[in-house]
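Residue-level listing of the chains:
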Amino acid sequence: MATVQVERRELTLAEKLYIPEVVRGLVVTTRQMLKNAFGKKDVATIQYPEVKKVYPDRFRGRHRLTTREDGTVRCVACMLCSTACPAKCIHIVAGDRGGADVEKYPISFEIDLLVCVYCGFCEEACPCDAIRMDSGRHPLPSFSRDKQRIHKVQLLEDGVRSIARQGGEGT
Ligand code: SF4
Ligand code: SF4
């Protein structure tokens, strides 16, 4: 097979100094800065926190746990969410609920948000509509990793009542 030798072109002095490219970059930056300052129509930046972005309905935000009509947590500690979780960031300790209908409940329910990849597999896997990611909220920033591990109390703070029937049917 024939090979083709390609001669490498020598760079000019201006190219070696990168001056035209630096000037071109400055022109682009200045043009965008002036556009942002005076022609605000196409500015993509949102003036947070005064202005908040409206997320689409399917946005997967911070997790929350739902409750039954009597206010108890819907989760039955079946571990399906933690089994489906690819990041292994859900940790549940199950307890005996002592009732005939529902055997178990989560004594503790922890999600490490720094490990979570927001895939939504946990809510897909849940047969009880007990965990949702429709809070519309971002995880908040923090100065320590511990603060990013959210527990049952925090998960229930955002919680809503669900009247879905056990097994995923209903509304
Ligand atoms: S969103 Fe995905 S990674 Fe995060 S807790 Fe749920 S299953 Fe795990
Ligand atoms: S899958 Fe649903 S019911 Fe089962 S442990 Fe997870 S949140 Fe609870």
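Our subject is the structure that appears above.
Residues numbered from 1 in each chain as written. Chains lettered and ligands numbered in written order. Predicted model: local features only at pLDDT ≥ 70, side-chain atom pairs only at ≥ 80, totals over all residues. Heavy atoms only, no water.

### A look at the environment of Cys122
To be explicit about the condition: Numbering of helices and strands starts at the N terminus; helices are DSSP runs of H or I of at least 4 residues and strands are runs of E of at least 2. Each residue is placed in one exposure class: buried if its accessible area under a 1.4 Å probe, protein chains only, is under 20% of its type's maximum, exposed if it is over 50%, and partly exposed if it falls in between.
Secondary-structure assignment places Cys122 in helix α4 (residues 121-125). Look at Cys122 and you get buried, because its relative accessible area is 6%. Note: C-alpha distance between Cys122 and Thr12 (110 residues apart in sequence) is 58 Å.

### Some words on empty space enclosed by the protein
Which entries qualify depends on this criterion: Points on a 1 Å grid over protein atoms alone make up a cavity when a 1.4 Å probe fits among them but cannot get out, and a pocket when they form an open set with protein on both sides within 12 Å along at least five of seven lines; lining residues each have an atom within 4 Å of a point. Grid points are joined across faces, edges and corners, and a volume is the space filled by probe spheres set on the points.
Under the definition given, this model contains 2 cavities of 30 Å³ or more. The computed volume of the largest cavity comes to approximately 80 Å³. As for the largest cavity, its lining consists of Cys75, Val76, Ala77, Cys78, Met79, Cys81, Ile92, Phe109, Cys126, Ala130 and Ile131. Approximately 70 Å³ is the volume found for the second largest cavity. As for the second largest cavity, its lining consists of His63, Cys85, Pro86, Cys89, Ile90, Cys116, Val117, Tyr118, Cys119, Gly120, Cys122 and Met133.

### Quick look at the nonpolar core
Note the following rule: The criterion is simple. A nonpolar core is a set of buried Ala, Val, Leu, Ile, Met, Phe, Trp, Tyr and Cys residues joined through side-chain atoms within 4.5 Å. Residue contacts are counted whenever heavy atoms from the two residues lie within 4.5 Å of one another.
With 24 residues, the main nonpolar core has Ile90, Phe109, Ile111 and Ile131 as its most contacted residues. Elements with a minimum of two residues in this core: β2 (90-96) and β3 (104-112). Non-local contacts of Ile90, meaning those with residues more than four positions away in its chain, are made with Cys81, Ser82, Cys85, Phe109, Glu110, Ile111 and Cys122.

### Section: a nonpolar patch on the surface
Put simply, the rule reads: Residues with no salt bridge and a relative accessible area higher than 30% make up the patches, which join like charges within 9 Å and nonpolar side chains (Val, Leu, Ile, Met, Phe, Trp, Tyr) within 5 Å. Per-residue and other accessible areas were derived by the Shrake-Rupley procedure at a 1.4 Å probe size, with only the shown protein chains allowed to occlude residues. Whenever a carboxyl oxygen of Asp or Glu lies within 4 Å of a side-chain nitrogen of Lys or Arg, that contact is scored as a salt bridge.
A grouping of Leu13, Leu17, Ile19, Val23 and Val27 is seen on the molecular surface, where their side chains present a nonpolar patch of about 480 Å² in accessible area. The set of elements that each furnish at least two residues to the nonpolar patch consists of α1 (13-17) and α2 (19-38). By residue number, the principal contributor to the nonpolar patch is α2, which donates 3 residues. Here Val27 lies in helix α2. For Val27, a relative accessible area of 45% translates into the label partly exposed.

### Considerations on the site of ligand 1
Rules: Nearness of a residue to a molecule or strand requires only that one of the residue's heavy atoms be within 4 Å of it. For a cavity or pocket, the test is whether more than half of a molecule's atoms lie within 2 Å of its grid points; if they do, the molecule sits there. Gly counts as polar in this scheme, as do all residues outside two lists: the nonpolar Ala, Val, Leu, Ile, Met, Phe, Trp, Tyr, Cys and Pro, and the charged Asp, Glu, Lys and Arg.
Around ligand 1, the surrounding shell holds 14 residues, and the nearest of these are Cys85, Cys116, Cys119, Gly120 and Cys122. Because more than half of its atoms lie within 2 Å of the grid, ligand 1 is assigned to the second largest cavity. Classifying every residue of the shell around ligand 1 gives 12 nonpolar, 2 polar and no charged.

### So, the layout of surface pockets
One number sums up the size of the largest pocket: a volume of about 290 Å³. Surrounding the largest pocket, Tyr48, Val51, Lys52, Lys53, Tyr55, Gly136, Arg137, His138, Pro139, Leu140 and Pro141 form its lining. Partitioning the lining of the largest pocket into residue classes produces 6 nonpolar, 2 polar and 3 charged. Roughly 200 Å³ of internal volume is contained in the second largest pocket.

### Structural notes on the packing of aromatic side chains
Each aromatic ring pair is characterised by the separation of its centres together with the angle its planes make. Heads up, the condition is: Think of it this way: a Phe, Tyr or Trp ring, Trp meaning its six-membered ring, pairs with another when their centres are within 6.5 Å, and the plane angle makes it stacked under 30 degrees, edge-to-face over 60, tilted otherwise.
A complete count under the given rule lists 1 aromatic pair for this structure. Between Tyr55 and Phe59 the ring centres are 4.1 Å apart and the planes differ by 10 degrees, which places this aromatic pair in the stacked class. On the basis of relative accessible area, Tyr55 is assigned to the partly exposed category, the value being 27%. Taking the relative accessible area as the measure of exposure, Phe59 reaches 22% and is therefore partly exposed.

### Remarks on unusual backbone geometry
Across the junction of Tyr48 and Pro49, the peptide omega takes the value 10 degrees, indicating a cis bond. With respect to the helices and strands, Pro49 occurs in the loop between α2 and β1 (64-65). The backbone of Met79 sits at a positive phi, close to 70 degrees, despite the residue not being glycine. Mapped onto the elements of the fold, Met79 is located in the loop between β1 and α3 (80-84).

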